[in-house]
Amino acid sequence: MQGKVLIANRGEIAIRIMEACKALDLDYAVIYTDADRDSEHVQRNRLNGPDQNAWRVTSYTDPNDLLSVADHTGCTAVHPGYGFFSEDYRFARRVTVRDRPLTFIGPSWEVIRDLGDKINTKRVAQKLGIPTIPGTSAPIYNEMEAEEIAQHILDIQREQNEPNPAVLIKAAAGGGGMGIEEINRVEQFRRTYRRVQNYAKRQFGDGGVLIEQRLCDFNHLEVQLVCSRHDERIHFGTRNCTIQSTGRQKRVEAAPGFHASCFKYDFDPDQVLDSVVEHSLKLADYVKYDNVGTWEWIVSRSGRPYLLEVNTRIQVENDVSARISYLNGKHPNLLQEQIRLGLGERMGYQQNEIVFKGASIELRIVAENPGRNFAPWIGTITRFDLPKHDWSAMYSHVPSDRPYPIPSEYDPNLALALVWGDDVNQAKERARLFIDGCRIEGVDSSGGGILTNLDYLRQNLDRLLTF
C-alpha cells in the first residue's frame, strides 16, 4: 500500500489509527485543538520542525481546516474515526469529488447517505423481509391515519400478551432522543400527537411524525461487519451493549451477544444470534456495503429481533469483536482492516477462515458521577495507572507520566479496557481484577477528589447478557 492518512479525530481513537497506520507502513498526519494539546494523541507526535506531523486546527468539525492540513501535508486519504465527520455523507462526498480528491476511509458517501437515514433504512429492511420495530416507515402528517396506526400497534401488543403495551410518538426529523413521547392508551393519542407535531414544526421545520411500538424489556445487540470494495462481506460476530448510561452511551460491552451460561433465555440464543447476522449480511449485500460497519439490533425477552439502525463507521467497541475472533490463529486488528480495505485492497480471506472462541468485555472508564445522572467530572488527573496483563488491553489518550487537565469541551472519557477469557465467567472475573487494579487520582477546581465510574462498571458486570 501507498499513501498518507490524515487522522481527522482525537483521543484514543486517533492513537489507535496512528498505530494501525504504523503497522501498515503508512505515513500519517494528526490534527488537534488548543484544548487537546496535552493529549497523548498530540504529544506522541511532532508539533514543529521540518518533520512536523501534528497540526493545530480551530475545530475538529471545520472541514476547511481539515482539508487544508490534508493538502499542506500531502495526505491522500482521510480517516474520520468515530463521531465528528465519520457518518457525514456530505463531508465524505466533498473529500472524494474535490479537485484534489482524497480517499475517504469508510463506506462510499452514497451508502452513508442511504443508511444514515433511519426511515430509509427501515423501508429497505422491510422490503427485504428483515424485522424492524413495528410502526411507520414514513412520516405521517394526518392525525386520523396516525391514530389508526397507534391503535393497531396497541392491539398487536395485547394479542402478544405484552404486560405494558405502549406506543412512541416521535418527531420524524428529530434525533438524539428529542421530540419523543409515549402513550399506553389510545385515548391519550390525539393530545400527545398534536404536542409532538407542534414541537417538530417549531424545532425542525417539519411536522412529520413516526408511530412506533415501545419496547422496554430488551437487549441491545450489534453485528460487526467487514466489507471491501470488491463485493466481499464477512462478519466478526455479535456484541451485547445493553449496559448504558442514562444518555444511551454504552458503558460495558461484551461478545458474544448472548450466552447460555449467563441467563436462562426464553429462546435459543444461538439461533437468534445466527438470524441477526444473516439479516445484517443480507442488507449489506443489497446496498453494496464496502467498508467496516455495525448493524444495531434490539432483541426482546421473547427472542424477537428488530433492526434498529446501521452505523456506517468504525465503532468504539470494535476490539470487543476482534478479541473473540481468530484469523490464522491471531486476533485481527479491525482498524488495520478498515484502512487496508478502504484503500482498495482485497480482503484476502473468507468467512470460514474466521474462528470464534471465548468471550471478551470492554469497560469504558469515564470521569463521571453515575449517581447523579452520569454528570461529567472536570478537573486534573494526577495519577493514572492501569494494570497490564496478557489477557487485557488498554486504549487511552491520558498520560501516565504527568498531570492531565481534562478538556471541558469534550466528553471526559479516560480509557477503554479490554479483557478476554475462555468463557464469559472468566472474562467477568478478569474484568473485576482489572478494575480493582486501577489507580486513578485527580482534583477539581474546588479541591475535590476525582469521580469515576469504576464502581458502576464493577457492579454491573453480573448484568451482562441478561434480561
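For the structure itself, look to the data block above.
To keep things clear, this report deals only with the structure shown in the data block. What you see is a predicted model; the values in this text were computed from it and never measured. (Residues numbered from 1 in each chain as written. Predicted model: local features only at pLDDT ≥ 70, side-chain atom pairs only at ≥ 80, totals over all residues. Heavy atoms only, no water.)

Considering the overall build of the protein chain
To keep things clear, this is the line we draw: A helix here means a DSSP run of H or I that spans at least four residues, while a strand means a run of E at least two residues long, and both kinds are numbered starting from the N terminus. The buried label applies to any residue whose accessible area, calculated with a 1.4 Å probe on protein chains only, is under 20% of its type's maximum; exposed applies above 50%, and partly exposed to all values in between. Contact between two residues is taken to exist if any of their heavy atoms lie within 4.5 Å; hydrogens are not considered.
When helices and strands are counted, the protein chain shows 13 helices and 23 strands. When its C-alpha atoms are laid out on the principal axes, the protein chain stretches across 70 × 55 × 55 Å. The buried share among the 467 residues of the protein chain stands at 55%. Considering only intrachain contacts with a sequence separation of at least 6, the fraction spanning at least 24 residues in the protein chain is 69%.

Remarks on the packing of helix α7 (residues 143–159) against helix α8 (residues 189–204)
Applicable threshold: Axis definition: a line fit to C-alpha positions, over the contact stretch in the case of helices; interaxial angles, taken between N-to-C directions, run 0 to 180 degrees. Note on terminology: angles under 35 degrees are roughly parallel, angles over 145 are roughly antiparallel, angles of 65 to 115 are roughly perpendicular, and the others are oblique. Helix crossings fall into two classes, left-handed where the near helix is turned counterclockwise from the far one by less than a right angle and right-handed where it is turned clockwise. The residue classification treats Ala, Val, Leu, Ile, Met, Phe, Trp, Tyr, Cys and Pro as nonpolar and Asp, Glu, Lys and Arg as charged. All others, Gly included, are polar.
Put simply, α7 and α8 touch, their axes get as near as 10 Å, and they point 120 degrees apart. As judged from the angle between their axes, α7 and α8 are oblique. When the axes of α7 and α8 are compared, the crossing they make is right-handed. When α7 is examined against α8, the residues Glu143, Met144, Ala146, Glu147 and Ala150 are found in contact with a partner set consisting of Phe189, Arg190, Tyr193 and Arg194. Residue composition of the contact of α7 with α8, grouped by class: 5 nonpolar, no polar and 4 charged.

Considering the nonpolar core
When a protein is soluble and globular, its nonpolar side chains tend to lie buried together. Selection criterion: To qualify as a nonpolar core, a set must consist of buried Ala, Val, Leu, Ile, Met, Phe, Trp, Tyr and Cys residues joined through side-chain atoms within 4.5 Å.
Grouped together as the largest cluster of nonpolar side chains are 127 residues, with contacts concentrated most on Trp295, Ile361 and Ile365. Not counting residues within four places of it along the chain, the set of residues in contact with Ile361 comprises Val252, Glu253, Ala254, Ala417, Leu418, Val419, Ala427, Lys428, Ala431, Leu461 and Leu464. Of all hydrophobic cores here, the second largest spans 16 residues; its members include Ala150, Ile183, Phe189 and Ala200.

Section: the layout of surface pockets
How we decide: Whether a set of points on the 1 Å grid over the protein atoms alone is a cavity depends on a 1.4 Å probe fitting there but being unable to get out, while an open set qualifies as a pocket with protein on both sides within 12 Å along at least five of seven lines; lining residues are those with an atom within 4 Å of a point. Grid points are joined across faces, edges and corners, and a volume is the space filled by probe spheres set on the points.
Of the voids in this model, the second largest pocket is the one considered here, and its volume is about 580 Å³. When residues of the lining of the second largest pocket are traced back to their parent elements, those giving at least two are α1 (11–23), α10 (318–322), α11 (334–342), β19 (380–385) and β20 (392–395). Per-element accounting of the lining of the second largest pocket gives the leading share, 5 residues, to α1. A per-class count over the lining of the second largest pocket returns 13 nonpolar, 8 polar and 11 charged.

Remarks on the sheet that holds strand β1 (residues 4–7)
The condition is simple: If DSSP finds at least two bridges between two strands, the strands pair.
Strand order in the open sheet made by the 5 strands is β3-β2-β1-β4-β5, with parallel pairing throughout. Every other strand in the sheet has two partners, leaving β3 (54–56) and β5 (103–104) as the edge strands with one partner each.

As for the environment of Leu433
Considering the arrangement of structural elements, one finds Leu433 in helix α12 (residues 424–436). Separated by 46 residues in the primary sequence, Leu433 and Pro387 have C-alpha atoms spaced 9.1 Å apart.

Here we look at a negative patch on the surface
The following threshold applies: Note that patches include only residues with greater than 30% relative accessible area and no salt bridge, and the join distances are 9 Å for like charges and 5 Å for nonpolar side chains (Val, Leu, Ile, Met, Phe, Trp, Tyr). All accessible-area figures derive from a Shrake-Rupley calculation using a 1.4 Å probe, and residue coverage is judged against the displayed protein chains alone. When a carboxyl oxygen of Asp or Glu is within 4 Å of a side-chain nitrogen of Lys or Arg, the pair counts as a salt bridge. His is not counted here, nor are the chain ends, while Lys and Arg score as positive and Asp and Glu score as negative. Charge placement uses NZ in Lys and CZ in Arg. For Asp and Glu, CG and CD serve respectively.
On the surface, Asp268, Asp270, Asp274 and Glu278 cluster together into a patch of negative charge. Along the chain, the position of Glu278 falls in helix α9 (residues 269–287). By relative accessible area, Glu278 is classed as exposed at 58%.

Quick notes on the sheet that holds strand β6 (residues 167–171)
With antiparallel pairing, 3 strands are arranged side by side in an open sheet as β7-β6-β8. Every other strand in the sheet has two partners, leaving β7 (180–183) and β8 (209–213) as the edge strands with one partner each. Strand-to-strand twist across the sheet, computed as the mean angle between neighbouring axes with direction ignored, equals 25 degrees. Of the pairings in the sheet, the one linking β6 to β8 comprises 5 bridges and is antiparallel in character. Considered in β8, the bridge of Val167 is made with Gln213.

Quick word on the packing of α1 against α11
As a packed pair, α1 and α11 sit with axes 9 Å apart at the nearest point and diverge in direction by 65 degrees. Between α1 and α11 the crossing geometry is right-handed. Contact residues: α1 offers Ile13, Arg16, Ile17, Ala20, Cys21 and Ala23, while α11 offers Leu335, Gln336 and Ile339. Across the contact of α1 with α11, the residue classes tally to 7 nonpolar, 1 polar and 1 charged.

Remarks on the environment of Asp117
Positionally, Asp117 belongs in the loop between α5 (109–116) and α6 (118–127). Distance from Asp117 to Glu12, taken between C-alpha atoms, is 28 Å for residues 105 residues apart in sequence.

Side note on α8
Just so we agree on the cut-off: Given the number of residues in a helix, its expected span is that number minus one, multiplied by 1.5 Å. Here the arc refers to the set of directions running from the helix axis out to each C-beta atom.
Helix length check: α8 (16 residues) gives 21 Å between terminal C-alpha atoms against 22 Å at 1.5 Å per residue, within 8%. Buried residues of α8: Phe189, Thr192, Tyr193, Val196, Gln197 and Ala200, and no others. The buried residues of α8 occupy an angular sector of 130 degrees when projected down its axis, which confines them to one face. In α8, the exposed positions angled more than 90 degrees off the buried face are occupied by Arg191 and Arg202. Phi turns positive, to about 70 degrees, at Gly205, one or two residues after α8.

Remarks on the side chain of Thr136
With respect to the helices and strands, the residue Thr136 is situated in the loop between α6 and α7. On the basis of relative accessibility, which here comes to 9%, the residue Thr136 falls in the buried class.

A look at the pairing of β1
The two faces of the sheet receive side chains in turn, since in a regular strand these alternate between them. Counted only if it meets this: Whether a crossover is right-handed comes down to one check: with the strands pointing away from the viewer, does the path from the first strand over the helix to the second run clockwise; if it does, it is right-handed.
Both faces of β1 are covered, namely the face carrying Lys4 and Leu6 and the face carrying Val5 and Ile7. Where β1 lies against strand β2 (residues 27–32), 4 bridges are found, and the strand directions are parallel. Following the sheet pairing, Ile7 is matched in β2 by Val30. In this fold, β1 hands off to α1, which returns the chain to β2; that crossover is right-handed. Sheet analysis places β1 next to strand β4 (residues 77–79), joined by 3 bridges and oriented parallel. Across the sheet, Leu6 pairs through a bridge with Val78, a residue of β4.

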